[in-house]
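Working through the structure, step by step
Here is what each chain is made of, one letter per residue.
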Amino acid sequence: PRPGFPAWNAAEFDDGVSRSGGTSVRVGVNGGSGSLRLAPGVVQVLPGAQYLLTTAVRTSAAGRAGAVVSARFMDNAGRALRGTQMRTEPVRSE
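Read on for an overview of the structure. (Residues numbered from 1 in each chain as written. Predicted model: local features only at pLDDT ≥ 70, side-chain atom pairs only at ≥ 80, totals over all residues. Heavy atoms only, no water.)

Glancing now at the environment of L46. Mapped onto the secondary structure, L46 falls in the loop between strand 2 (24–27) and strand 3 (70–71). For L46, a relative accessible area of 57% gives the class exposed. L46 sits 39 residues away from Q85 along the chain, and the two C-alpha atoms are 17 Å apart. (Helix = DSSP H or I, 4+ residues; strand = E, 2+ residues; numbered from the N terminus. Buried < 20%, exposed > 50% of the residue type's maximum accessible area, 1.4 Å probe, protein only.)

This is the structure in structure tokens:
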């Protein structure tokens, strides 16, 4: 739960649509905004390593709305590390 993101727009696994593999994550939006965040520690990070984030985003029946992907590395206290944040422009697909 996050302020500004209604509980009814919760993310869920979807085995009917995927880019590779058999499952994707669907962030349904039925009024308001949707969000998906990974819990701290889900992705293990090694000092000095390089990481690549790859996503495939599809929107449908979104009207003028778009999807945005953002990512950042966090320290152990949950603070974003400077210089590690990125955010895409809104993506709209049919």
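To continue, consider the environment of L81. Along the chain, L81 falls in the loop between strand 3 and strand 4 (86–87). The residues contacting L81, other than those within four sequence positions of it, are F73, M74 and D75. (Contact = heavy atoms within 4.5 Å.)

With that settled, consider the side chain of N9. Mapping N9 onto the fold places it in the segment before strand 1 (11–14). In this structure, N9 is in contact with V27, G28, V29, N30, G31, G32, S33 and G34, ignoring residues within four places of it in sequence.

We now examine the pattern of salt bridges. Evaluation of the coordinates by the stated rule reveals 1 salt bridge. Residue R79 pairs with D75 through a salt bridge whose shortest N-O separation is 3.1 Å. For D75, a relative accessible area of 24% corresponds to the partly exposed category. (Salt bridge = Lys/Arg side-chain N within 4 Å of Asp/Glu carboxyl O.)

Moving on, we get to a nonpolar patch on the surface. Together, L38, V42, V43, V45, L46, Y51, F73 and L81 give the surface a local cluster of nonpolar side chains, amounting to about 750 Å² of exposed area. Positionally, F73 belongs in the loop between strand 3 and strand 4. A residue is classified by how much of its surface remains accessible, and F73, at 33% relative accessible area, is partly exposed. (Patch = residues over 30% accessible without salt bridge, like charges linked within 9 Å, V, L, I, M, F, W, Y side chains within 5 Å. Areas by Shrake-Rupley, 256 points an atom, 1.4 Å probe, with all protein chains shown as cover.)

What the rule picks out here adds up to 1 aromatic pair. Relative to F73, the ring of Y51 has its centre 5.8 Å away and its plane inclined at 65°; by these criteria the two rings are edge-to-face. Taken together, the residues Y51 in the loop between strand 2 and strand 3 and F73 in the loop between strand 3 and strand 4 connect sequence positions 22 residues apart. (Phe/Tyr/Trp six-rings, centres within 6.5 Å; stacked < 30°, edge-to-face > 60°.)

Now for the environment of S93. By secondary structure assignment, the location of S93 is in the segment after strand 4. With a relative accessible area of 24%, S93 lands in the partly exposed category. Taking C-alpha positions, S93 is 5.8 Å from R58, a pair spaced 35 residues apart along the chain. The contacts of S93, once residues within four sequence positions are left out, are V57, R58, T59 and S60. Within the structure, S93 has its side chain in polar contact with the backbone nitrogen of T59 (distance 2.8 Å). (Polar contact = N/O pair within 3.5 Å; in protein donor to acceptor, adjacent residues only side chain to side chain.)

Geometry only, nothing functional implied.
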